[in-house]
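Fold and contact review
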Amino acid sequence: MLLQRLPAGGSAAGAVQADPEAVDDTWRRLQLIADTLTPEEMHSLADEEILHRLFHEDDVRLFEPAPVYFRCRCSRERVTGVLHSLGAAEIESVLAERGEVEVHCDFCNRAYHFDAVDVAQIFNAGVATDRGSSVH
């Protein structure tokens, strides 16, 4: 069983701000209740029965099951966009300090490396040149 505490969502129009202390108390209560579930119950009872036994006093929703699989959406293009959004000054200071910019994806463990040429391309991508199309 996975219990996930979602971040407070008070930014939407009309959203009600919950008392942080009450949210913390509720989260602790849910954890204590979930800790009473035994391995035998997990293997022998249906999901609906487990939820009813543990959380019958709460507003619980059971979603349709979906297969679990590994999928990371990171890419060099996405990381380039993040670097661009940080601004040239920030990225160039990292480049000056370390000699390269490295971005590490904590999800898939991939590392993206950007040298001075890469950084220049990120911030000069929209700059028009008057060199034409010939290559020398």
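In short, a report on the structure. (Residues numbered from 1 in each chain as written. Predicted model: local features only at pLDDT ≥ 70, side-chain atom pairs only at ≥ 80, totals over all residues. Heavy atoms only, no water.)

Here's the deal with the nonpolar core
Rules: Among buried residues, the Ala, Val, Leu, Ile, Met, Phe, Trp, Tyr and Cys ones that are joined through side-chain atoms within 4.5 Å form a nonpolar core. Only protein chains enter the accessibility calculation, which uses a 1.4 Å probe; a residue is then buried when its area is under 20% of its type maximum, exposed when over 50%, and partly exposed in between. Counting from the N terminus, the helices are the DSSP runs of H or I reaching at least four residues and the strands are the DSSP runs of E reaching at least two.
Listed in full, the twelve residues of the largest apolar core are Cys74, Val79, Leu83, Ile91, Leu95, Val101, Cys105, Tyr112, Phe114, Val119, Ile122 and Phe123. Breaking this core down by element, the ones donating at least two residues are helix H4 (76-86), helix H5 (88-98), strand S2 (111-114) and helix H6 (116-124). Considering each element in turn, this core owes the most residues, three residues, to H6. Formed by nine residues, the second largest nonpolar core is a distinct cluster that contains Trp27, Leu30, Ala34 and Ile50.

Focus: the pattern of salt bridges
Rule in force here: A side-chain nitrogen of Lys or Arg and a carboxyl oxygen of Asp or Glu constitute a salt bridge if their distance falls within 4 Å.
Inspection of the entire model under this criterion finds seven salt bridges. With its nearest N and O atoms 2.9 Å apart, the salt bridge here joins Glu49 to Arg53. Taken together, the positions of Glu49 and Arg53, both in helix H3 (residues 47-55) and four residues apart, correspond to about one turn of that helix. The shortest N-O distance in the salt bridge between Arg76 and Asp118 comes to 3.3 Å. Taken as a pair, Arg76 in helix H4 and Asp118 in helix H6 lie far apart in primary sequence, 42 residues in all.

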